[in-house]
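# Topology and contacts: notes
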Amino acid sequence: MKRMYTVIAILLTFLGVAYFKENGGIIKQSKPKVGVLTLMHHPALDQIYKGFVHGLAEDGYHNGKNITIDYQNANGDQSNLKTMANKLVNENSTVLFGITTPASQALANSTKKIPIVLGAVTNPQSAGLVKNNKRPGGNITGISDQAPVKEQLQLIHKFMPHAKTLGIIYTSSDSSAVTEYKEFMKYAKQMHLNLKAYSISNSNDLNQVSQQMLSEVDAVIVPTDNTIAGAMQTLVKNANAVNKPVFPAVDTMVKQGGVAAYSINQYKLGVEGGKLTADILKGKKKPSTTAIKYIRHGEPVLNLKQARKLGLHVPASFQREAEKYGEVIK
């Protein structure tokens, strides 16, 4: 009997080493588990996830073969995020991937040890996720979805050189949206553009606030804002009713009825997040010393159908650029 206990102990020790070996805060398993948490289904966020899976695969990690991806979606209900984040942590995820600021904050509140990769957080430092964007210092790093704000304002000015007042609408509780709103205001002042700000608390405010805004401005700017992205059709409906254009920061929102943008490609952003996660799994990078990566170049996206519907003159140079390097929706 004593010999049997000894054999069992040796087996348990062997299995423990093989499957759960602690090394620098990462639990190395025969099949690593990556936990993914997102706030909601939306074309832009879904593209990030698809790119993330592709980025992992490019670096040798294939879901269901040599890695397990546990995808959790809060379906727009922020109260679900804490429960889902705790689930991913308690079920021994090797690395965590957060899509949107609220999802990333929920993960950060659930663990200080498991590496977290940010998939769509404009300014991680201002969101309280890292000590410094250049040297995070903890268990978090990732990819920023900061839109090329100055390029976007210059583009809007090309479309509407005689506009007297532009409006920007954003969600006051979304730190990414607030960061970009401040950037838009800064560059608008430098460019001597009259930019008036409007904020909402949640999607229920969008109908009323957007109607008020559209009665006071010539065109609407939308930063990277998940709440407005999820209710984009409400904004487009109200803007179309008064024949005024909407210039969003994200390509998927252009496709939903916006006019044009220099947009960060959400799929490519996800690919970069997947590759960074792979580097962490392989031990090549540590979150504490890996700077937040910014994708600086925006791709030209033009909704030609919407521009014609509103009777807008489309700058020929931008249309050619979108046809050659980006996308044109006809």
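First, a word on scope: everything that follows refers to the structure included in this document. (Residues numbered from 1 in each chain as written. Predicted model: local features only at pLDDT ≥ 70, side-chain atom pairs only at ≥ 80, totals over all residues. Heavy atoms only, no water.)

Of the regular secondary structure elements, the protein chain holds 13 helices and 15 strands. Taken over the C-alpha atoms alone, the protein chain extends approximately 90 × 40 × 30 Å along its principal axes. Looking at the protein chain as a whole, 54% of its 330 residues qualify as buried. Partitioning the intrachain contacts of the protein chain with sequence separation of at least 6 by distance along the chain shows that 73% fall at a separation of at least 24. Surface exposure of the protein chain reaches about 15,500 Å², of which carbon and sulfur atoms provide 51%. A distance of 6 Å separates the average location of the 39 positive side-chain charges in the protein chain from that of its 23 negative side-chain charges. (Helix = DSSP H or I, 4+ residues; strand = E, 2+ residues; numbered from the N terminus. Buried < 20%, exposed > 50% of the residue type's maximum accessible area, 1.4 Å probe, protein only. Contact = heavy atoms within 4.5 Å. Areas by Shrake-Rupley, 256 points an atom, 1.4 Å probe, with all protein chains shown as cover. Lys, Arg positive; Asp, Glu negative; His and termini not counted. Charge placed at Lys NZ, Arg CZ, Asp CG, Glu CD.)

Right, let's talk about empty space enclosed by the protein for a bit. Rolled over the atoms, a probe with the dimensions of a water molecule shows which regions are left empty. If you walk through the whole model with that rule in mind, you get one cavity of 30 Å³ or more. In this structure, the largest cavity encloses a volume near 130 Å³. Around the largest cavity, the lining is made up of 16 residues, and of these L45, D145, T224, D225 and N226 lie nearest the centre. When residues of the lining of the largest cavity are traced back to their parent elements, those giving at least two are α2 (43–58) and α8 (226–230). Split by residue class, the lining of the largest cavity holds six nonpolar, seven polar and three charged. (1 Å grid on protein atoms, 1.4 Å probe; cavity = no way out; pocket = protein on both sides within 12 Å on 5 of 7 lines; lining within 4 Å. Points joined across faces, edges and corners; volume = space filled by probe spheres on them. Nonpolar A, V, L, I, M, F, W, Y, C, P; charged D, E, K, R; others polar.)

So, about the sheet that holds strand β9 (residues 195–200). Hydrogen bonds between backbone groups are what pair the strands of a sheet, and the pairing can be parallel or antiparallel. Spatial strand order, β9-β8-β10-β11: four strands in an open sheet with parallel pairing. At either end of the open sheet lies a strand with only one pairing partner, and these are β9 and β11 (246–248). The average angle at which neighbouring strand axes cross in this sheet is 25°, direction not considered. As judged from the three bridges shared by strand β10 (residues 219–222) and β11, these two strands associate in the parallel manner. Across the sheet, residue I221 finds its bridge partner in β11, namely F247. Across the face of the sheet, helix α5 (residues 149–159) comes into contact with β8 (166–171), β10 and β11 while running at roughly 160° to β11. (Pairing = 2+ DSSP bridges. Axes fitted to C-alpha atoms, helices over the stretch in contact; angles between N-to-C directions.)

Of all hydrophobic cores here, the largest spans 46 residues; its most connected members are V36, L37 and L56. Secondary structure elements with two or more residues in this core: β3 (33–38), α2, α3 (79–90), β5 (95–99), α4 (101–110), β6 (116–118), β7 (140–144) and α11 (266–281). Aside from chain neighbours lying at most four places away, what touches L37 is Q72, L81, M84, A85, L88, F97, G98, I99, A103, A106 and L107. With 32 residues, the next largest nonpolar core counts L153, Y170, F247 and L310 among its residues. (Core = buried A, V, L, I, M, F, W, Y, C linked by side-chain atoms within 4.5 Å.)

Right, let's get into the sheet that holds β3. Read across the sheet, six strands follow the order β4-β3-β5-β6-β7-β13 without closing on themselves; strand pairing throughout is parallel. This sheet does not close on itself; its edge strands, each paired only once, are β4 (68–73) and β13 (293–294). For β3 and β4, the ladder comprises six bridges, and the chain directions are parallel. Among the inter-strand pairings, L37 is bridged to a residue of β4, identified as Q72.

For the rest of this paragraph, the subject is the packing of aromatic side chains. As enumerated under the stated definition, the model contains six aromatic pairs in all. The interplanar angle of 80° and the centroid separation of 5.5 Å between the aromatic rings of Y262 and F318 together place this pair among those described as edge-to-face. Remark: F318 occurs in helix α13 (residues 316–325) and Y262 occurs in strand β12 (residues 260–263); sequence separation between them is 56 residues. Accessibility expressed as a relative area gives 2% for F318, which makes it buried. The structure contains a cluster of three or more aromatic residues connected by ring pairs, namely F159, F247, Y262 and F318. Over the aromatic face of Y187 sits the side chain of K186, whose NZ or CZ is 4.9 Å from the ring centroid. (Phe/Tyr/Trp six-rings, centres within 6.5 Å; stacked < 30°, edge-to-face > 60°. Lys NZ or Arg CZ within 6 Å of the ring centre and 35° of its normal.)

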